[in-house]
Amino acid sequence: MKDQFGRDIHYLRISVTDRCNLRCRYCTPPGGSDRRGVLSLEEIVETAREAAALGFRKIRVTGGEPLTRRDIVPLCRALSAIPGVEELALTTNGVLLPQLAAELKSAGVSRVNISLDTLDPEKYRYITGGGSLEEALAGIRAAWEAGLTPLKLNAVLIGGFNDGEIAALAALSEHAPAEVRFIELMPMTGLFGPEAYLPNRAVLERLPLLEAAGTGGTARQYRLPGAAGTVGLISPLSCSFCGGCNRLRLTADGFLKPCLHWEAEYSIQGLHGEALREKIREAVLQKPARHGALSFQDRSHAGRDMNQIGG
Ligand code: SAM
């Protein structure tokens, strides 16, 4: 459906849990988030069905870590069966994909985005608060084998942490038709200061051979010469993409969020049928033209932690 600025809003991102099996330092605050209730499978599916009736065509399941939800496979099966839903994608850290990739594929998930900020096992352990790079890489292989493609690998670019690995991460796009995406660090947990923020032009400076290859959603795409895949740059701070925003978010505890970096949210708890559809319509019509100032001087106006919203 159209919002009041004429944008076609058809992409619903659903955080299906605020729980995560990792503790990424840019995402989850040191003490963890305050725990809130989580929507049931039925509540999520009903909300998605009403959104599809209003013209939403794409759904992304995210979290927290969506694969920690015990009913993730039946949930994906139900979401992909909703009339009008053309694409069901999922964002994950990949750790549980070796067990779940094939089942997710047969439940109707078409592709996955997997977080991978570094190729160094020690640094991976540090940034994820104890995670294993080996497990994440096994998850990437499992996604590939299950056909959850085209794969997208998400790296949050952090000055002084992984800026020395830009070339190594981008090289993952050389031999496989995957997209390696560098995401500008957003000011969420308070653990990083302005020195950690690197505008995405740092990638272009570091890799002068990158050739422009179009746009895909929020990413500007580039290609290394002769590469099978692409390098994507997602630049929420240096190059806001609010004008082309097509998203509505549903938080794990049942609030519609018209904008990631904006406090306004609309509860769907207890709503059904026409009342639920009306709330979705209201949230879309309240989407701001753009989010509030977003920099390491002006912390995000999200009003929540990233793991509760889903990124
Ligand atoms: N657990 C899953 C994962 O690791 O991908 C899904 C949830 S995570 C919140 C979704 C995406 O948000 C990931 O790609 C992550 O890198 C990104 N993200 C989280 N916090 C961020 C931040 N402060 N700045 C930029 N991206 C962030």
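The structure we're discussing is the one just above.
Residues numbered from 1 in each chain as written. Predicted model: local features only at pLDDT ≥ 70, side-chain atom pairs only at ≥ 80, totals over all residues. Heavy atoms only, no water.

Visitor: It is not clear to me how helix α3 (residues 97-106) should be interpreted in this structure. Could you clarify?
Guide: What sets the pattern is the α-helix's 3.6 residues per turn: residues three or four places apart point alike. Inspection of α3 places L97, L100, A101 and L104 among the buried residues, and these make up the whole buried set. Down the axis of α3, the buried set is contained in an arc of 125 degrees. They therefore lie on one face. In α3, the exposed positions angled more than 90 degrees off the buried face are occupied by Q99, A102 and S106. For α3, the secondary structure elements touched by its buried residues are α2 (72-80), β3 (87-92), β4 (111-115) and α5 (133-146). Positive backbone phi, approximately 105 degrees, marks G108, located one or two places after α3. (Buried < 20%, exposed > 50% of the residue type's maximum accessible area, 1.4 Å probe, protein only. Helix = DSSP H or I, 4+ residues; strand = E, 2+ residues; numbered from the N terminus. Arc of directions from axis to C-beta. Contact = heavy atoms within 4.5 Å.)

Visitor: Any chance you could explain the sheet that holds strand β2 (residues 58-62) here in plain terms?
Guide: Strands pair in a sheet through their backbones, by hydrogen bonds, and they do so in one of two ways: parallel or antiparallel. Taking strand neighbours across the sheet as the criterion, the twelve strands line up as β7-β8-β9-β6-β5-β4-β3-β2-β1-β10-β11-β12 in an open arrangement whose pairing is mixed. Edge strands, defined here as strands with exactly one partner in the open sheet, are β7 (211-216) and β12 (266-267). Summarising the sheet, strand β11 (residues 255-257) and β12 pair through two bridges and their orientation is antiparallel. By the bridge assignment for β12, F255 is matched with S267. Contacting β1 (11-15), β2 and β3, α2 runs over the sheet at an angle of about 150 degrees to β3. (Pairing = 2+ DSSP bridges. Axes fitted to C-alpha atoms, helices over the stretch in contact; angles between N-to-C directions.)

Visitor: Please clarify how the site of the ligand should be interpreted in this entry.
Guide: Looking at the ligand, there are 20 residues lining it, with Y26, G64, E65, S115 and M186 nearest. Residue G64 places a main-chain N or O atom 2.9 Å away from a nitrogen atom belonging to the ligand. With the chains in place, 95% of the 550 Å² that the ligand exposes on its own is no longer accessible. (Near = heavy atom within 4 Å. Polar contact = N/O pair within 3.5 Å; in protein donor to acceptor, adjacent residues only side chain to side chain. Areas by Shrake-Rupley, 256 points an atom, 1.4 Å probe, with all protein chains shown as cover.)

Visitor: Help me understand the pattern of salt bridges, please; the structure alone is not making it clear to me.
Guide: For side chains of opposite charge, pairing can occur when their charged atoms come near one another. Inspection of the entire model under this criterion finds twelve salt bridges. For E122, the salt bridge identified is with R125, shortest N-O distance 2.5 Å. With E122 and R125 both in helix α4 (residues 121-127) and three residues apart, the pair spans about one turn of that helix. One salt bridge in this structure joins R201 and E205, with 3.9 Å as the shortest N-O distance. With R201 and E205 both in helix α8 (residues 201-206), this residue pair falls four residues apart, about one helical turn. (Salt bridge = Lys/Arg side-chain N within 4 Å of Asp/Glu carboxyl O.)

Visitor: Even after reading the chapter, I still don't get α2, so can you show me in this structure?
Guide: Every buried residue of α2 is listed here: I72, V73, L75, C76 and L79. Projected onto a plane normal to the axis of α2, the buried residues spread over an arc of 160 degrees and lie on a single side. In this fold, the buried residues of α2 make contact with β1, α1 (41-53), β2, β3 and α3.

Visitor: Sorry, what's going on with the nonpolar core here?
Guide: Ranked by size, the top nonpolar core spans 76 residues in total, and within it I72, L79, L97 and L104 carry the most contacts. By size, the runner-up hydrophobic cluster in this structure holds 17 residues, among which are L169, L198, L207 and Y222. (Core = buried A, V, L, I, M, F, W, Y, C linked by side-chain atoms within 4.5 Å.)

Visitor: Hey, could you run me through the packing of aromatic side chains in this one?
Guide: Each aromatic ring pair is specified by the distance between its two centres and by the angle formed by the two planes. What the rule picks out here adds up to one aromatic pair. The cationic tip of K58 hangs over the ring face of Y11; the distance from NZ or CZ to the ring centre is 4.3 Å. When the ring centre of F161 is taken as origin, the NZ or CZ atom of K123, which lies over that ring, is 5.4 Å away. (Phe/Tyr/Trp six-rings, centres within 6.5 Å; stacked < 30°, edge-to-face > 60°. Lys NZ or Arg CZ within 6 Å of the ring centre and 35° of its normal.)

Visitor: I keep staring at the packing of α3 against α5 and nothing clicks. Help me out?
Guide: Pairs of packed helices are described in terms of their axes, by the angle between the two and the distance that separates them. Running from N to C, α3 and α5 cross one another at 20 degrees; their axes reach a closest spacing of 8 Å. Accordingly, the angle class assigned to the pair α3 and α5 is roughly parallel. Handedness of the α3/α5 crossing: right-handed. Side by side, α3 and α5 meet where L97, P98, A101, A102 and K105 of the first sit next to A138, G139, A142, A143 and A146 of the second. (Parallel < 35°, antiparallel > 145°, perpendicular 65-115°, else oblique. Left-handed = near helix turned anticlockwise from the far one by under 90°.)

Visitor: Whenever I open this one, the pairing of β7 confuses me. Can you help?
Guide: Every regular strand shows the same layout, with side chains that alternate between the two sheet faces. By the bridge criterion, five bridges tie β7 to strand β8 (residues 219-223) in an arrangement that is antiparallel. Residue pairing in the sheet places G216 in a bridge with A219 of β8. Taking the residues between adjacent antiparallel strands as the criterion, β7 and β8 are bridged by two residues, where G217 takes a positive phi near 60 degrees.

Visitor: Even after reading the chapter, I still don't get unusual backbone geometry, so can you show me in this structure?
Guide: Backbone torsion omega between T149 and P150 reads 0 degrees, so that peptide bond is classified as cis. Counting through the fold element by element, P150 comes out in the loop between α5 and β5 (152-157).

Visitor: Is there a simple way to explain the side chain of T62 in this structure?
Guide: By the element assignment, T62 lies in strand β2. Within the structure, T62 has its side chain in polar contact with the backbone oxygen of G310 (distance 2.8 Å). The residues contacting T62, other than those within four sequence positions of it, are I14, S15, V16, T17, T91 and G310.

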